[in-house]
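As a plain string of letters, each chain reads:
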Amino acid sequence: MNLLIMGPAGAGKGTMSDLILKSHDIPHISTGDMLRENVRNNTELGMQAKSYMDAGRLVPDDVINAMVAKRLQEPDCAKGYLLDGYPRTLVQARAFDELAAGIGKPVECVIALDVPFDVLAERITGRRICPKCGAIYHVKNHPSRVEGICDVCGSALVQRKDDTLEQLKVRMEEYDSSTAPVIAYYETKGVVTHINGAQASDQVFAEIEAALAKLA
Ligand code: AMP
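Residues numbered from 1 in each chain as written. Predicted model: local features only at pLDDT ≥ 70, side-chain atom pairs only at ≥ 80, totals over all residues. Heavy atoms only, no water.

Asker: How should I be thinking about helix α2 (residues 31-40) in this particular structure?
Answerer: The complete set of buried residues in α2 reads Thr 31, Gly 32, Met 34, Leu 35 and Asn 38. Taken around the axis of α2, the buried residues stretch over an arc of 165°, which confines them to a single face. Contact partners of the buried residues in α2: β2 (28-30), α3 (44-54), α4 (61-72) and β3 (81-84). Positive backbone phi, approximately 55°, marks Asn 42, located one or two places after α2. (Buried < 20%, exposed > 50% of the residue type's maximum accessible area, 1.4 Å probe, protein only. Helix = DSSP H or I, 4+ residues; strand = E, 2+ residues; numbered from the N terminus. Arc of directions from axis to C-beta. Contact = heavy atoms within 4.5 Å.)

Asker: Would you mind showing me how to read unusual backbone geometry here?
Answerer: Leave glycine aside and you will find that most residues have negative phi; peptide bonds, for their part, are mostly trans. The amide bond that connects Tyr 86 to the next residue, Pro 87, takes the cis arrangement and shows omega of -5°. Tracing the sequence through the fold places Pro 87 in the loop between β3 and α5 (90-102). Notably, Asn 42 is not glycine yet its phi reads approximately 55°, a positive angle. Taking relative accessible area as the criterion, Asn 42 reaches 56% and is therefore assigned exposed.

Asker: Mind showing me how you'd approach the environment of Glu 44 here?
Answerer: Relative to the assigned elements, Glu 44 resides in helix α3. Along the sequence, Glu 44 and Ala 11 sit 33 residues apart, while their C-alpha atoms lie 30 Å from each other.

Asker: Got a minute to help me understand helix α8 (residues 201-213) in this structure?
Answerer: Residues spaced three or four apart along an α-helix face the same direction, because each turn holds 3.6 residues. The terminal C-alpha atoms of α8 lie 18 Å apart, and with 13 residues this matches the ideal 18 Å at 1.5 Å per residue to within 8%. Three or more residues of α8 are buried, namely Val 204, Phe 205, Ile 208, Ala 211 and Leu 212. Along the long axis of α8, the arc covered by the buried residues comes to 120°, so they all point the same way. Opposite the packed face of α8, turned more than 90 degrees from it, sit the exposed residues Asp 202 and Ala 213. (Expected span 1.5 Å × (residues − 1).)

Asker: Could you clarify how one ought to interpret the sheet that holds β2 in this entry?
Answerer: The strands making up a sheet associate through backbone hydrogen bonding, with each pair oriented either parallel or antiparallel. With parallel pairing, the five strands of this open sheet are ordered in space as β2-β3-β1-β4-β7. With partners counted over all chains shown, the strands left at the sheet margins are β2 and β7 (192-196), one partner each. Pairs of neighbouring strands in the sheet enclose a mean axial angle of 20°, with direction left out of account. As paired strands, β2 and β3 are joined by three bridges and run parallel to one another. Across the sheet, the residue bridging to His 28 is Leu 82, located in β3. (Pairing = 2+ DSSP bridges. Axes fitted to C-alpha atoms, helices over the stretch in contact; angles between N-to-C directions.)

Asker: Just checking my understanding: could you explain the packing of α5 against helix α7 (residues 165-187) for this structure?
Answerer: Two numbers describe a pair of packed helices, the interaxial angle and the distance between the axes. It is at 8 Å that the axes of α5 and α7 come closest, and there the two elements cross at 40°. With respect to their mutual orientation, α5 and α7 come out oblique. Along its contact with α5, which presents Leu 90, Ala 93, Arg 94, Phe 96 and Asp 97, the element α7 presents Ser 178, Pro 181, Val 182, Tyr 185 and Tyr 186. The residue inventory of the contact of α5 with α7, partitioned by class, reads seven nonpolar, one polar and two charged. (Parallel < 35°, antiparallel > 145°, perpendicular 65-115°, else oblique. Nonpolar A, V, L, I, M, F, W, Y, C, P; charged D, E, K, R; others polar.)

Dropping the structure here:
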């Protein structure tokens, strides 16, 4: 199964991806997670990307395209992929379509999570993540059992540097100008399913599963 999950910051891409993986045997490839890992490990790629990420700006297309092309060559992608946060610009989408066609894995479904700004703002500013295992919490909607500590691995939770209202506004501008046209591009190919991502997460997931069932 060859899937993209798209939506602005805080739309629930990470949470929904975790649920999708429980029932579909494909790797979750989040370009944001890959970049953050590179920043943590001080790689050359991480050093190139850090200033863009901290500012809420997009990392240059050629850097991202090369990173994804390399990742898709790994054996776990033989059954397909769930790409999260990529492609985010039309340049990336065109490069990716060429790559995906070349390896016989064209995009079958784009799940577009639609969420209004005030809901995103509430989710983003309350989001806390585990830097070690990647578990995602929310101070009000999904708190950890012990405040500030990951339920899964016991690490201290952190707030992402870009999870502020100010950065969210910048990320939304990037989304509207660069990423919304990507959804429109895939719409012309007839592969987009829009889902109301402001609903309760089990309802969002049920609608995603219904869309994926149609592909099988
Ligand atoms: P995310 O975790 O998907 O919100 O991504 C965090 C940050 O990583 C973004 O604000 C960008 O700076 C960078 N990033 C992630 N994916 C991409 C992409 N496909 N193109 C450009 N920059 C990206």
